[in-house]
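What follows is the residue order along each chain.
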Amino acid sequence: MGNSERTYISTKIRVMNKKVVLLIALFLIVVSAFSQENPLAKFDVLIGKWQGTGEGFGNATSVIHSEFNRVLGDQFIEYKNHSEFKPTTQNPDGEIHDDWGMISFDQERGVVVLRQFHNEGFYNEYVLVDSLSTDKKMIFDTEKIENFVPGGRARVTITILSDTEIETTFDVGFPGKEMACFGKNRLQKK
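To keep things clear, this report deals only with the structure shown in the data block. (Residues numbered from 1 in each chain as written. Predicted model: local features only at pLDDT ≥ 70, side-chain atom pairs only at ≥ 80, totals over all residues. Heavy atoms only, no water.)

**With respect to the side chain of Ser-62**
(1) Moving on: One can find Ser-62 in strand 2 (residues 60-71).
(2) Moving on: Ser-62 sits in the buried class, given a relative accessible area of 3%.
(3) Moving on: What Ser-62 contacts, discounting residues up to four positions off in sequence, is Gly-52, Thr-53, Gly-54, Ser-83, Glu-84 and Phe-85. (Helix = DSSP H or I, 4+ residues; strand = E, 2+ residues; numbered from the N terminus. Buried < 20%, exposed > 50% of the residue type's maximum accessible area, 1.4 Å probe, protein only. Contact = heavy atoms within 4.5 Å.)

The following block contains the structure:
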C-alpha cells in the first residue's frame, strides 16, 4: 500500500470518526432533552382534594377545603381554596375566604410561577425561590401584587409532611417591616 492510499484511508477514518462522534453527541442531546423531568412534577404530591384547619389571620381559626388538579394538557396546575373562618369578637359573623390560582413553568425565565386571585380583590404573582426550596418545602415569593399596600410583599410556603399531609404558611411583609406569619394551615389528603 502506497503513501497516497494510506493517507486516503487515514482521512476516511478521521471523517468517519468525526461523524460517529457527532451522531453520538446529537443522540445524547436528544435523549437528555426528552428525559428531563417536567418542572411541575415536584408538585404531583399536591394533586387531589385536601381538607384541614387553619389559624392566624387575626387569631381566627378556619376549616379549609383545597383542591389541586392538572389542567390544559397537564401544562398547568390549578388550585382552589375555600376557607370558612369561625366568628371572633372582632368579626362576630365569621368570614369566607376563597382563592384560586395556577402554577405554571415560565420557560423563558426558567422559573415556576404561582398566580393567585383572592375574593377580596388581591392578585399575587409569586416565583418559586429555588435557593430556599427543597423537595419537601416549596417557597414562593411575590414579584407582583395588585390591590395591596404599595411596597408590600408576601410569601407562600408549602411543606410536604407526608404523601397525605401538607402545611401551608402565608407570610406578609409591610413596607419597612420584616415578614410575619399571617396564617398557617394543616391539610390532609381526602
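**A closer look at the packing of aromatic side chains**
(1) Moving on: If you walk through the whole model with that rule in mind, you get 7 aromatic pairs.
(2) Moving on: Ring geometry for Phe-174 versus Phe-182: centroids 6.0 Å apart, planes at 50°, classification tilted.
(3) Moving on: Classification of Phe-182 by relative accessible area gives partly exposed; the value is 33%.
(4) Moving on: An aromatic cluster of at least three residues, connected via ring pairs, comprises Phe-122, Phe-148, Phe-174 and Phe-182. (Phe/Tyr/Trp six-rings, centres within 6.5 Å; stacked < 30°, edge-to-face > 60°.)

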